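# Summary of structural features
Read off the chains here:
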There are 2 protein chains.
Amino acid sequence: MNEFDLIARYFHRPGTVADLGVGDDAALLTPAPGQQLAISVDMLVAGRHFFEDVDPFTLGHKSLAVNLSDLAAMGATPRWFTLALALPHADAAWLEAFSRGMFALAEAHGLELVGGDTTRGPLTISIQIAGEVPKGSALLRGGAQADDDIWVSGQLGAAAAAVAQRLEGLPLSAGALAQCLPRLQQPTPRVALGQGLRGLAHACLDISDGLLGDLAHICQRSGLSAQLRAATIPVADALAELDHVTALQLALAGGDDYELCFCAPAAARQAIVDLAAQCDVPVTRVGRMAAGDAVVVVLDAQGLPLPTSRKAYDHFR
Amino acid sequence: MNEFDLIARYFHRPGTVADLGVGDDAALLTPAPGQQLAISVDMLVAGRHFFEDVDPFTLGHKSLAVNLSDLAAMGATPRWFTLALALPHADAAWLEAFSRGMFALAEAHGLELVGGDTTRGPLTISIQIAGEVPKGSALLRGGAQADDDIWVSGQLGAAAAAVAQRLEGLPLSAGALAQCLPRLQQPTPRVALGQGLRGLAHACLDISDGLLGDLAHICQRSGLSAQLRAATIPVADALAELDHVTALQLALAGGDDYELCFCAPAAARQAIVDLAAQCDVPVTRVGRMAAGDAVVVVLDAQGLPLPTSRKAYDHFR
């Protein structure tokens, strides 16, 4: 199997979005009038972002899901993506499963692979995604206002628990691990929720590095602080068997959840609950934005700040 | 230096092209009306696409140049790019030089970095670039016609000679090597030439894997064959000290030249020569397209086919 066979066999699907897709020096696309393009890129490295022995089907899913999650956080409609892929060798079974996982998610979102580059090298996956959003309506990090509710979608901490079980020996039962692993390996990007939040939320991002660290970005950009109420954090059900402090820390500071965190005025509460029901995604109010200097505090039931020991993941720390 | 410091220090420049650049979940851009987007991506892996000890300034240049070359081959105007970067460690001196080389070329083309991802991992650079081209006017691979002239820009073979000197002990004098290395390390994307060829050329691509292999893509897409005349191939001056067969093979089959190869009707000859003079890029007619089954033949002075022993580079061969 040479490079061109590999691309033709696994990464060339007939498309309808692009004017010209895979196979020339560049793809050609016609953006819809009145829309802004939202563009994001991620790079996943074996042994750092995923375990090298991970099921390639779920890896194909996840590689695209993390990018879809970025578009969800902007409220954008996914349109097309490119794939840059370094592989140690051309393994047909691996490629078949990887591409199947990637395309299954792409097709569920009407998203088209329009270009790529395939080379030999340490297993590394970089996807760039582009979506469209009506001009001026994207959900940014800097728009939060004092007294906004802080919301999160889904539950938090399961993905981080699966990582901690493997790397740090976190004592998770087999049953709990079986619940956590799919959250790590096949996160669900909240694309419909993000689109629905346009006009409702003042600010939004996706939780890739942990709620505390990611919410700090909204604080910094918005010039506000955030107060989270510990009792309201939607800790993943699978973590119920852990001690409460450990479970809460995983939920607050664990990465890889790919849920949305967003800020919205109290007047939008009912609309947000209705939207979430329509999208079949649970949402939870977990705190409020306040004046102050870009800090995130977590308050206990008495309203006192809890110590939080984990910070957002930093690749170069 | 943490991940956010690193991005702020080396990869955050004030821009004017993007509505929203580096720092949110996605960049926001407004494409110009009536234009198609041309999108391309490349991935460069240390030890495969470049020597690990390469000057980081030239590596920053080259990483972007190979993408600019793809847009040049489409006749597109470069607009913005994203950078996904895996680094073994955060080395300030390396990052300073790499980003300086990358931005020097970007700024020369009015090109803006709008997003990225930085992670720890084996040194890998993936850049995706986007440009604009008036709808329907992009230079494709499939438009060549029988009797079109085949042209190449610049000279060929110097970059491949520099690689062969290091990897295979090709006997190059120090003086010749000094001429070849800049062609390998800092190729010049032919952006203005590509844009000027819109309306003149029927087909175009850039020579990244070697003229023979790349021209074969035009043949396949256009349903034609190509006849090159060996005596007309613009072999790099620096290769004059090599035996003729070796020099010609490097020029025909060596990669990394990033010159343009294009097909155009005889009626466009004078306009092409004038355009090349205006762009200050030499161009040479090296053969003609003909009916036939997607083969590239190289003819000697007597019009007899020469054996050609090198094929285009295949990462999985």
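Rules behind the numbers
- Each residue is numbered by its place in its chain's sequence as written, counting from 1.
- Chain letters start at A and ligand numbers start at 1, both assigned in the order the entries are written.
- Only residues with pLDDT of at least 70 are given local features in this predicted model, and only at 80 or more are side-chain atom pairs given and counted; all residues enter the totals for whole chains, interfaces and linings.
- Derived side-chain values reflect all non-hydrogen atoms in the structure, with water molecules and hydrogen atoms excluded from consideration.
- UniProt positions are given in the numbering used here, feature names are shortened, and annotations may be inferred rather than shown by experiment.
- Being paired, for any two strands, means DSSP has found at least two bridges between them.
- Starting at the N terminus, helices and strands are each numbered in turn, a helix being any DSSP run of H or I of at least four residues and a strand any DSSP run of E of at least two.
- To get an axis, a line is fitted to the C-alpha atoms, and for a helix only the part in contact is used. The angle between two axes follows their N-to-C directions and goes from 0 to 180 degrees.
- For this analysis, residues touch if any pair of their heavy atoms sits within 4.5 Å.
- Any Lys or Arg side-chain nitrogen located within 4 Å of an Asp or Glu carboxyl oxygen qualifies as a salt bridge.
- In this classification, the charged set is Asp, Glu, Lys and Arg, the nonpolar set is Ala, Val, Leu, Ile, Met, Phe, Trp, Tyr, Cys and Pro, and all remaining amino acids, among them Gly, are polar.

- The name given to chain A in an unreviewed UniProt entry is Thiamine-monophosphate kinase, and the organism recorded there is Amantichitinum ursilacus.
- One UniProt comment on chain A, placed under Catalytic activity (unreviewed entry), says "thiamine phosphate + ATP = thiamine diphosphate + ADP".

## With respect to the sheet that holds strand 5 (residues 124–134) of chain B
- Read from one edge to the other, the open sheet built from five strands follows the order 1(A)-2(B)-5(B)-3(B)-4(B), with strand pairing classed as mixed. Each edge of the open sheet carries a strand with a single partner, namely strand 1 (27–29) of chain A together with strand 4 (112–120) of chain B. Adjacent strand axes in the sheet meet at a mean angle of 20° when their direction is disregarded.
- Looking at chain direction, strand 3 (residues 77–87) of chain B and strand 5 of chain B are connected through nine bridges and run antiparallel.

## Digging into the sheet that holds strand 2 (residues 35–45) of chain A
- Pairing in this open sheet of five strands is mixed, and the strands run 4(A)-3(A)-5(A)-2(A)-1(B) from one edge to the other. If you trace the sheet from one side to the other, it starts and ends with strand 4 (112–120) of chain A together with strand 1 (27–29) of chain B, each paired once. Adjacent strand axes in the sheet meet at a mean angle of 20°, parallel and antiparallel pairs treated alike.
- When strand 3 (residues 77–87) of chain A meets strand 4 of chain A, the two strands line up parallel, connected through eight bridges. Paired with W80 of chain A across the bridge in strand 4 of chain A is E112 of chain A.

## A word on the pairing of strand 8 (residues 225–229) of chain B
All names here are of chain B.
- As paired strands, strand 8 and strand 10 (residues 283–290) are joined by four bridges and run antiparallel to one another. Each residue of the ladder has a partner; that of S225, found in strand 10, is A290.
- Two strands pair when backbone bridges link them, and strand 8 and strand 11 (residues 296–299) are joined in this way by four bridges, in the parallel orientation. When the bridges of strand 11 are listed, A226 appears paired with V296.

## Observations concerning the interface of chain A and chain B
- In this assembly, 70 residues from chain A lie in contact with 70 residues from chain B.
- Our enumeration of links across chain A and chain B arrives at four salt bridges.
- Among the ionic pairs, D24 of chain B bridges to R141 of chain A, the shortest N-O distance being 3.7 Å.
- Tallying contributions element by element places strand 2 of chain A first for the side of chain A that touches chain B, with 10 residues.
- The residue inventory of the side of chain A that touches chain B, partitioned by class, reads 35 nonpolar, 19 polar and 16 charged.
- Judged from the three bridges that link them, strand 1 of chain A and strand 2 (residues 35–45) of chain B form a sheet pairing that is antiparallel. Looking at strand 2 of chain B, one finds that L29 of chain A is bridged to L37 of chain B.

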